[in-house]
Amino acid sequence: MRLLMISLLLLAPLAIAGPINGDGTWYCFNFSEPGSFATGCTTGWEPYYSAPGDAPWTFETAGPIVLAVTDGYLQGDNFEVFDNGSSLGVTPAVLEDVDHSCAANPDLCLGDPLMSHREWILEAGSHSLTIQVLTSPFGSGDAFFRVGDADVPEPGSLLMLAAGLLGLGLARKRMLR
């Protein structure tokens, strides 16, 4: 039993290996003028985010995982995100509003419809992220990214959903008779 516990503890980090954790931790990056590539913030601000070090930000996953990127503080910045040198896509362009800010809380920024943000599902494997600034009305700033579990439904859940929908359909058909 003890050998099994030690083996599990040693193998657990293999699910997400590398400088970036896949536990949903937010990481800060900073940037300068449009066209430049983001660098890692040098300090984190607990409990909101951590400092990831400089790009590229690398990690490995054993299964699908979600990458979220959001602008921070003042709105108006947007980004192109690359994985292993290939573009995943861009966060949407938003109007600049110097009076609107989500401050230093990445969860608020991600949920704010006035801030540029986007999520991607990444497949299992090795990942190397870089982020290029497309728009920066203030000439520099900070933003955030995180890597966390993908909410992929289990086959059993899909079967239960299908059975429930079938049951509702049959009940409706009986009511119409």
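Student: Sorry, what's going on with the confidence of the model for the protein here?
Tutor: Interpretation of the predicted coordinates at a detailed level should be avoided for regions scoring low in pLDDT. Chain-level statistics for the protein give a pLDDT mean of 82 and a share of 79% at 70 or above. Overall, residues 1-18 carries pLDDT values under 50, and its contacts beyond four positions in sequence, including any with other chains, amount to 13 contacts.

Student: What should I look at first to understand the state of the cysteines in this one?
Tutor: Here is the idea: a disulfide is a covalent bond, and it sits between the sulfur atoms of two cysteines. Taken as a whole and judged by the stated rule, the model has two disulfides. Covalently, Cys28 is tied to Cys41 through a disulfide, its sulfur atoms 2.0 Å apart. Within this pair, whereas Cys28 is found in strand β2 (residues 26-31), its partner Cys41 is found in the loop between β3 (39-40) and β4 (57-61), the two being separated by 13 residues in sequence. The side chain of Cys102 participates in a disulfide bridge whose partner is Cys109; the two sulfur atoms lie 1.9 Å from each other. Where Cys102 bonds to Cys109 through sulfur, the torsion about that S-S bond is close to 85°, and the disulfide is right-handed. Since its relative accessible area comes to 5%, Cys102 is described here as buried. What makes Cys109 buried here is its relative accessible area of 0%. Here the cysteine-cysteine linkages of the protein are recorded as 1-2, 3-4, numbering only bonded cysteines and doing so in sequence order.

Student: How should the packing of aromatic side chains be read in this particular structure?
Tutor: We describe a pair of aromatic rings using the distance from one ring centre to the other and the angle between the two ring planes. Under the criterion given, the structure shown has eleven aromatic pairs. Ring geometry for Phe29 versus Trp57: centroids 6.2 Å apart, planes at 45°, classification tilted. In this pair, Phe29 sits in strand β2 while Trp57 sits in strand β4, placing the two residues 28 residues apart along the sequence. Like Phe29, the residue Trp57 is buried in the burial classification. On the basis of an interplanar angle of 80° and a centroid distance of 5.3 Å, the ring pair of Phe29 and Phe79 is categorised as edge-to-face. Of this pair, Phe29 sits in strand β2 while Phe79 sits in strand β6 (residues 78-83), placing them 50 residues apart in sequence. Under the relative-accessibility criterion, Phe29 is labelled buried at 0%. Taking the relative accessible area as the measure of exposure, Phe79 reaches 0% and is therefore buried. Counting every residue linked through ring pairs, the aromatic cluster contains Tyr27, Phe29, Phe31, Trp57, Phe79 and Phe145.

Rules of the game
Residues numbered from 1 in each chain as written. Predicted model: local features only at pLDDT ≥ 70, side-chain atom pairs only at ≥ 80, totals over all residues. Heavy atoms only, no water. pLDDT = per-residue confidence, 0-100. Contact = heavy atoms within 4.5 Å. Disulfide = S-S within 2.5 Å. Helix = DSSP H or I, 4+ residues; strand = E, 2+ residues; numbered from the N terminus. Buried < 20%, exposed > 50% of the residue type's maximum accessible area, 1.4 Å probe, protein only. Phe/Tyr/Trp six-rings, centres within 6.5 Å; stacked < 30°, edge-to-face > 60°.

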